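Listed below are the residues making up each chain.
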Amino acid sequence: MAVFAPAPALLATLLPAVCFDALTLAGLHKLGGRPLAQAFVFAYLLYPFPDLSLMAETNDALIAALCVWTIVAAAERPVARGLLMAAAALTKFLPALLALQFLGVRRGRSRYVLTLVASLAAMLAWPLTTSGPAQFLDSTLGYQLIQRGGVQFSIWTYMPHVAIVARPVLAAALVLLALSPMVRPGVQDARQHAALAAALLIGAQLLLGYWFYSYLTWCYPLLIIAIIQARSDHEAADTSAHGAASAVDLAAPARTNPQTRTVQGTRLRRSRRAAG
């Protein structure tokens, strides 16, 4: 039996895909901390679509990794946040909505904006100068939004007339949702960042004329953070409330039950008579 070495092209696509998953798992482990790290990692490994993306050797797990590490850096490192969002926006265009979302983080906002703009300009300089703006837009946004549309996995394939009205309305709603942290109380923790980012990515995928199941990998780690962390906080609050209620329930009968007070008073009088 002959054994052939893996083709160089296979290694060139498989190794980056493995690295993207490893980066996502590392970010989830860091966000989970000591109590939830194992739950975050296990939930990601249990989901089949990252594995399907890995077998297909796509770069969809890169979006997941960039989004997770952006949330890690959201509050403390505005420069890193800008770099990660620029990379995510140019890997796939839809995560650009998340760049608008993180404008709502007030701490280091100016540094975030400057880093984001400078990073986008640096990454786009070479393709724009070598191919020209018209060809660049035609082969990127034009290809994704117009030429590549109409497959069986998109809901708009079966509703082309509805899509003419619904897709612009949905796009406007998503932009408003992404900008909402700027006009309401700021998003404070990783759970809230992840929940809003997941909602934006899911809504943005509804816009697509071309959709594939590997795109579910983008938002799933964010859902893990939002759902498991929220459940943990909720359980902690319920435990505290239950403990307080139990203490009150134990003390209440002695204070409020008249029969208990009568029995106690009778015993006290008898003890005094016996002592006298």
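Quick caveat, the model's predicted, so the values are computed rather than measured.

Caption draft 1: The overall build of the protein, seen in detail. The number of helices and strands found in the protein is 11 helices and zero strands. Ordered by position in the sequence, the α and β elements of the protein form the string α-α-α-α-α-α-α-α-α-α-α. Counting the 276 residues in the protein, one finds 33% classified as buried. Counting only contacts in the protein whose residues sit at least 6 apart along the sequence, the fraction spanning at least 24 positions is 73%.

Caption draft 2: The arrangement of the state of the cysteines in detail. If you walk through the whole model with that rule in mind, you get zero disulfides. No disulfide involves cysteine 67; its sulfur sits 9.4 Å from that of cysteine 219, the nearest cysteine. Using a relative accessible area of 1% as the deciding quantity, one classes cysteine 67 as buried.

Caption draft 3: View of the environment of serine 154. Tracing the sequence through the fold places serine 154 in the loop between α7 (133-147) and α8 (160-179). A C-alpha to C-alpha distance of 7.9 Å links serine 154 and leucine 206, two positions 52 residues apart in sequence. Ignoring anything within four residues of it in the chain, the contact list for serine 154 reads Leu208 and Gly209.

Caption draft 4: Here's a closer look at the nonpolar core. In terms of nonpolar packing, the biggest core is built from 46 residues, with Met85, Leu98, Phe102, Tyr112, Leu201 and Leu222 touching the most fellow members. Going through the elements one at a time, α1 (8-46), α3 (60-72), α4 (78-91), α5 (96-101), α6 (109-131), α8, α9 (190-206) and α10 (216-256) are the ones with two or more residues in this core.

Caption draft 5: Structural context of the side chain of serine 180. Positionally, serine 180 belongs in the loop between α8 and α9. A polar contact of 2.6 Å, which involves the side chain of serine 180, links it to the backbone oxygen of leucine 177.

Caption draft 6: Representation of α3. With 13 residues, α3 extends 19 Å between its outermost C-alpha atoms, agreeing within 8% with the 18 Å of an ideal straight helix rising 1.5 Å per residue. Most of α3 is tucked away: 12 of the 13 residues are buried. Taken together, the buried positions of α3 are Asp60, Ala61, Leu62, Ile63, Ala64, Ala65, Leu66, Cys67, Val68, Thr70, Ile71 and Val72.

Caption draft 7: Here's a closer look at the packing of α4 against α6. Where α4 contacts α6, the two axes come as close as 8 Å, and the packing angle between them is 40°. For the pair α4 and α6, the crossing hand works out as right-handed. Contacts from Pro78, Val79, Arg81, Gly82, Leu83, Met85, Ala86, Ala87 and Leu90 of α4 reach α6 at Arg111, Tyr112, Thr115, Leu116, Ser119, Leu120, Met123 and Leu124. When the residues that make up the contact of α4 with α6 are grouped by side-chain class, the tally is 12 nonpolar, three polar and two charged.

Caption draft 8: Main features of the pattern of salt bridges. Enumeration according to the criterion identifies three salt bridges in this entry. For lysine 92, the salt bridge goes to aspartate 60, with nearest N and O atoms at 3.9 Å. In this pair, lysine 92 sits in the loop between α4 and α5 while aspartate 60 sits in helix α3, placing the two residues 32 residues apart along the sequence. In this structure aspartate 60 comes out as buried when scored by relative accessible area, which is 2%.

Caption draft 9: Examining unusual backbone geometry more closely. Phi is positive for glutamate 57, which is not a glycine, with a value near 60°. Within the secondary structure layout, glutamate 57 lies in the loop between α2 (48-56) and α3.

Caption draft 10: Main features of the packing of α8 against α9. Running from N to C, α8 and α9 point in directions that differ by 165°, and their axes come no closer than 10 Å. Taken together, the axes of α8 and α9 are roughly antiparallel relative to one another. The two elements α8 and α9 meet at a crossing, and its hand is left-handed. Each of Leu170, Leu174, Leu177 and Ala178 in α8 lies in contact with α9, whose residues at this interface are Leu196, Leu200, Gly203, Ala204 and Leu206. Of the residues in the contact of α8 with α9, the class split is eight nonpolar, one polar and no charged.

Caption draft 11: Geometry of α9. The end-to-end C-alpha separation of α9 is 24 Å, in line with the 24 Å expected for 17 residues at 1.5 Å each. Taken as a whole, α9 has its buried residues at His193, Ala194, Leu196, Ala197, Ala198, Leu200, Leu201, Gly203, Ala204 and Gln205.

Caption draft 12: Representation of the environment of leucine 120 within the structure. On the secondary structure map, leucine 120 appears in helix α6. In the structure, leucine 120 is positioned 35 residues away from methionine 85 in sequence and 9.3 Å away in space, judged by C-alpha atoms. Those residues within four positions of leucine 120 in sequence are excluded, and the remaining contacts are Ala86 and Leu90.

Caption draft 13: Summary view of the confidence of the model for the protein. With 75% of its residues at a pLDDT of 70 or more, the protein shows a mean pLDDT of 79. When mean pLDDT is compared element by element in the protein, α3 scores highest at 92, while helix α11 (residues 258-275) scores lowest at 57. This model gives residues 250-256 a pLDDT under 50, and the stretch forms five contacts once residues within four places in sequence are excluded.

Rules of the game
Residues numbered from 1 in each chain as written. Predicted model: local features only at pLDDT ≥ 70, side-chain atom pairs only at ≥ 80, totals over all residues. Heavy atoms only, no water. Helix = DSSP H or I, 4+ residues; strand = E, 2+ residues; numbered from the N terminus. Buried < 20%, exposed > 50% of the residue type's maximum accessible area, 1.4 Å probe, protein only. Contact = heavy atoms within 4.5 Å. Disulfide = S-S within 2.5 Å. Core = buried A, V, L, I, M, F, W, Y, C linked by side-chain atoms within 4.5 Å. Polar contact = N/O pair within 3.5 Å; in protein donor to acceptor, adjacent residues only side chain to side chain. Expected span 1.5 Å × (residues − 1). Axes fitted to C-alpha atoms, helices over the stretch in contact; angles between N-to-C directions. Left-handed = near helix turned anticlockwise from the far one by under 90°. Nonpolar A, V, L, I, M, F, W, Y, C, P; charged D, E, K, R; others polar. Salt bridge = Lys/Arg side-chain N within 4 Å of Asp/Glu carboxyl O. Parallel < 35°, antiparallel > 145°, perpendicular 65-115°, else oblique. pLDDT = per-residue confidence, 0-100.

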